[in-house]
Amino acid sequence: MDKQTYDKGAKIRSEVLGADYVAAATRNVDTFNKPLQDLVTEYCWGAVWGRDNLPLKTRSMLNLAMISALNRPHELKTHIRAALTNGVTREEIREVFLQVAIYAGVPAAVDSFRLAREVFTDLDSQQGRQP
């Protein structure tokens, strides 16, 4: 493991997903899943998200499209929150999912819209505002 890349990944992961999310993920680390958590932190967050050629906002929008197409609802909800953190607007999220409808299928987009509304409703209720 490259410690510098890992540390960079840990920093970006916390900034994008939130310290609470990362703390929960690392709290659940055991001897079975530690190699996966290390891989995700070093390579996903450090080696790829840590590159300078795309802004985090763009990376988030790409992730929304790919995760939606892959039908990974748990990860999609996580990355909808992350996208908002990275400056992606709700309107831009809508546009990403409309693009998904055309290139990955309407069912994927329908599920993605549903999940986004759940995330938005949750965030709005935490902030004490109406959706």
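Residues numbered from 1 in each chain as written. Predicted model: local features only at pLDDT ≥ 70, side-chain atom pairs only at ≥ 80, totals over all residues. Heavy atoms only, no water.

## So, the pattern of salt bridges
Right, so step 1: Applying the stated criterion across every chain yields a total of 9 salt bridges.
Right, so step 2: Of the charged contacts in the structure, one is a salt bridge between E15 and K11, with a shortest N-O distance of 2.5 Å. Here K11 and E15 lie together in helix α1 (residues 3-17), a separation of 4 residues that amounts to about one turn.
Right, so step 3: Taking the relative accessible area as the measure of exposure, E15 reaches 41% and is therefore partly exposed.
Right, so step 4: Between E118 and K77 there is a salt bridge, with the nearest N and O atoms lying 2.8 Å from each other. Taken together, the residues E118 in helix α7 (residues 106-126) and K77 in helix α5 (residues 73-85) connect sequence positions 41 residues apart. (Salt bridge = Lys/Arg side-chain N within 4 Å of Asp/Glu carboxyl O. Helix = DSSP H or I, 4+ residues; strand = E, 2+ residues; numbered from the N terminus. Buried < 20%, exposed > 50% of the residue type's maximum accessible area, 1.4 Å probe, protein only.)

## Section: the packing of α1 against helix α3 (residues 34-48)
Right, so step 1: Interhelical geometry of α1 versus α3 gives an angle of 85 degrees and a closest axis separation of 7 Å. On the basis of their axis angle, the class for α1 and α3 is roughly perpendicular. Facing T5, Y6, K8, G9, A10, I12, R13, V16 and L17 of α1, the residues of α3 in contact are Q37, D38, V40, T41, E42, W45, G46 and A47.
Right, so step 2: Across the contact of α1 with α3, the residue classes break down as 8 nonpolar, 5 polar and 4 charged. (Axes fitted to C-alpha atoms, helices over the stretch in contact; angles between N-to-C directions. Parallel < 35°, antiparallel > 145°, perpendicular 65-115°, else oblique. Contact = heavy atoms within 4.5 Å. Nonpolar A, V, L, I, M, F, W, Y, C, P; charged D, E, K, R; others polar.)

## Concerning the domain arrangement of the chain
Note: interface size is frequently given as the accessible area lost on complex formation between the parts.
Right, so step 1: With domains assigned, the chain is organised as domain 1 (1-52) and domain 2 (54-130).
Right, so step 2: Centre-to-centre, using C-alpha coordinates, domain 1 lies 21 Å away from domain 2.
Right, so step 3: In this complex, domain 1 contributes 10 residues to the contact, which on the side of domain 2 involves 11 residues.
Right, so step 4: Taking both partners together, domain 1 and domain 2 bury about 810 Å²; carbon and sulfur atoms supply 59% of that area.
Right, so step 5: Broken down residue by residue, the surface that domain 1 buries against domain 2 is led by V16, Y21 and W49, which jointly contribute 61%.
Right, so step 6: For the pair domain 1 and domain 2, the interface holds 0 salt bridges. (Domains from an automatic or database assignment. Buried area = accessible area lost by both parts, 1.4 Å probe.)

## A look at the environment of G18
Right, so step 1: Inspection of the secondary structure puts G18 in the loop between α1 and α2 (19-27).
Right, so step 2: Between the alpha carbons of G18 and A82 there is a distance of 7.9 Å; along the sequence they are 64 residues apart.

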